[in-house]
Amino acid sequence: MIELIPAIDIIDGCCVRLTKGDYEQKSVYGDPLEMAHHFEQIGYRRLHVVDLDGAKSRHIVNDRVLSRLSSETSLAIDFGGGIKTDDDIGKAFEAGASMVTIGSVAVTNPELLERWLLKYGAERIILGADVRNGRISINGWKEDSEQELLPFLKHYVDMGITNVLCTEISKDGTLSGPAIKLYQNVMETYPHLHLIASGGVSSIDDIKALDAAGIPAVVFGKAIYEGRINLKELWDWQNESYRA
């Protein structure tokens, strides 16, 4: 059964969503803690948090928001955005992150990520693989690298990575449906990965399609805030599926 991970993206301390990673196409949805409490009350146990200010600034910015979320809810939080240095990753864990998502550093400084894997363990590190036109994008999706997805993943799978968050940037925030074929291709190549699909989810049917395709987990955000997904209905579907 697919793991359900609601998302909160943060700019200026507020919950927001971008379209295709464009900071000029921003919708604001209010207080992150209020939203996190809502997820928790329904029964969700996991939360994906992205510091978009941090991703743009290339260092953590919203660690105080992370600290509020971790201290005032029981949610297991995976946190990404702006983690570039030893100080950044330490700050994220000190603020209560259960896991961190590392994207740009995996491209620009693989030796540093290898050191973090040894220090913190692969179970606490999620490899962020943000894809645009088949290549990995970095620094808040402002730059495209020369690295292609599957060879990029192979390097880190060989290093011990088991958790990967893969975002199809052209789908993100568009509510146009997830890139299922892309995720299936990853799973066919690396069947033991805990792959987290991200981008384009518009409905419960999209999540059911990812589940049917064998994708282990999904992050979804805009469909919640735009009223496309009823969180209670989705939670009930998952629990009924478990019981079946």
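The coordinates are above.
Residues numbered from 1 in each chain as written. Predicted model: local features only at pLDDT ≥ 70, side-chain atom pairs only at ≥ 80, totals over all residues. Heavy atoms only, no water.

Some words on the overall build of the protein
For the record, the criterion: Strands are runs of DSSP state E lasting at least 2 residues, helices are runs of H or I lasting at least 4, and numbering of each runs from the N terminus. Atoms considered for the radius of gyration are the C-alpha atoms alone. The globule rule reads 2.2 Å times the number of residues to the power 0.38. Exposure classes here rest on a 1.4 Å probe applied to the protein chains alone. A residue is buried below 20% of its type maximum, exposed above 50%, and partly exposed in between. Whether two residues are in contact is decided by their heavy atoms: any pair within 4.5 Å suffices. Residues counted as positive are Lys and Arg, residues counted as negative are Asp and Glu, and His and the chain ends are not counted. We put the charge of a Lys on NZ, of an Arg on CZ, of an Asp on CG and of a Glu on CD.
Across its full length, the protein carries 11 helices and 12 strands. Relative to a compact globule of 244 residues, whose C-alpha radius of gyration would be 18 Å, the protein shows 16 Å and is just as compact. Over its C-alpha atoms, taken along the principal directions, the protein stretches across nearly 45 × 40 × 35 Å. Counting every position in the protein, which comprises 244 residues, the buried fraction comes to 57%. Contacts in the protein between residues at least 24 apart in sequence constitute 67% of all its contacts with a sequence separation of at least 6. Here the protein carries 25 positive and 36 negative side-chain charges, and the mean point of each set is 2 Å from the other.

Comments concerning the packing of aromatic side chains
Which entries qualify depends on this criterion: Planes of paired rings set the category: under 30 degrees apart is stacked, over 60 is edge-to-face and the rest tilted, where pairs are Phe, Tyr or Trp rings (Trp by its six-membered ring) whose centres lie within 6.5 Å.
Applying the stated rule across the entire model yields 4 aromatic pairs. Consider the rings of Tyr-44 and Trp-235, whose centres lie 4.9 Å apart with planes at 50°: the pair is tilted. Taken together, the residues span a long stretch of sequence, with Tyr-44 in the loop between α1 (32-42) and β4 (46-51) and Trp-235 in helix α11 (residues 231-243) at a distance of 191 residues. Taking the relative accessible area as the measure of exposure, Tyr-44 reaches 2% and is therefore buried.

Remarks on helix α8 (residues 180-189)
Applicable threshold: Picture the helix axis, draw a direction to every C-beta atom, and the arc is the one those directions span.
For α8, every residue scored as buried is listed here: Leu-182, Tyr-183, Val-186 and Met-187. Angularly, the buried residues of α8 cover 135° about the axis, an arc narrow enough to put them on a single face. Turned more than 90 degrees from where α8 packs its buried face, Lys-181 and Glu-188 sit exposed. Those residues of α8 that are buried lie in contact with α7 (149-159), β10 (163-168), β11 (194-198) and α9 (204-212).

With respect to the side chain of Arg-46
To be explicit about the condition: Whenever a nitrogen or oxygen atom comes within 3.5 Å of another N or O atom, the pair is scored as a polar contact, on the condition that within protein one atom can donate a hydrogen and the other can accept it, and that pairs from neighbouring residues in sequence are kept only if both atoms are in side chains.
Mapping Arg-46 onto the fold places it in strand β4. Looking at Arg-46, its side chain comes within polar contact range of the side chain of Glu-3, at 2.9 Å. Side chain to side chain, Arg-46 and Asp-78 meet in a polar contact 3.1 Å long.

Side note on the pairing of β11
Spelled out, the test is: DSSP bridges decide pairing: two strands pair if at least two such bridges lie between them. Whether a crossover is right-handed comes down to one check: with the strands pointing away from the viewer, does the path from the first strand over the helix to the second run clockwise; if it does, it is right-handed.
With 4 of 5 residues buried, β11 lies mostly within the body of the structure. Pairing of β10 with β11 involves 5 bridges; the strand directions are parallel. Of the residues in β11, the one forming a bridge with Cys-166 is Ala-197. Assessed by its sense of winding, the connection that carries the chain from β10 through α8 to β11 is right-handed. Looking at chain direction, β11 and strand β12 (residues 217-220) are connected through 3 bridges and run parallel. From the neighbouring strand, Ser-198 faces β12, where its bridge partner is Val-219. A crossover connection joins β11 to the parallel β12 through α9; in handedness this β-α-β unit is right-handed.

Describing the packing of helix α4 (residues 86-94) against helix α6 (residues 110-120)
Cut-off, in case you're wondering: Convention adopted: a line fitted to C-alpha atoms gives each axis, helices being fitted over their contacting stretch, and angles between N-to-C directions are expressed from 0 to 180 degrees. Whether a crossing is left-handed or right-handed is set by the direction in which the near helix is turned from the far one by less than a right angle, anticlockwise for left-handed and clockwise for right-handed. Note on residue classes: Ala, Val, Leu, Ile, Met, Phe, Trp, Tyr, Cys and Pro are nonpolar, Asp, Glu, Lys and Arg are charged, and everything else, Gly too, is polar.
At a minimum axis distance of 11 Å, the contact between α4 and α6 shows a crossing angle of 35°. Like other packed secondary-structure pairs, α4 and α6 cross with a definite hand, here right-handed. Here Asp-86, Ile-89, Gly-90 and Phe-93 of α4 come into contact with α6, specifically with Leu-112, Arg-115, Trp-116 and Tyr-120. Among the residues forming the contact of α4 with α6, the class breakdown is 5 nonpolar, 1 polar and 2 charged.

Read these as geometric descriptors, not functional statements.
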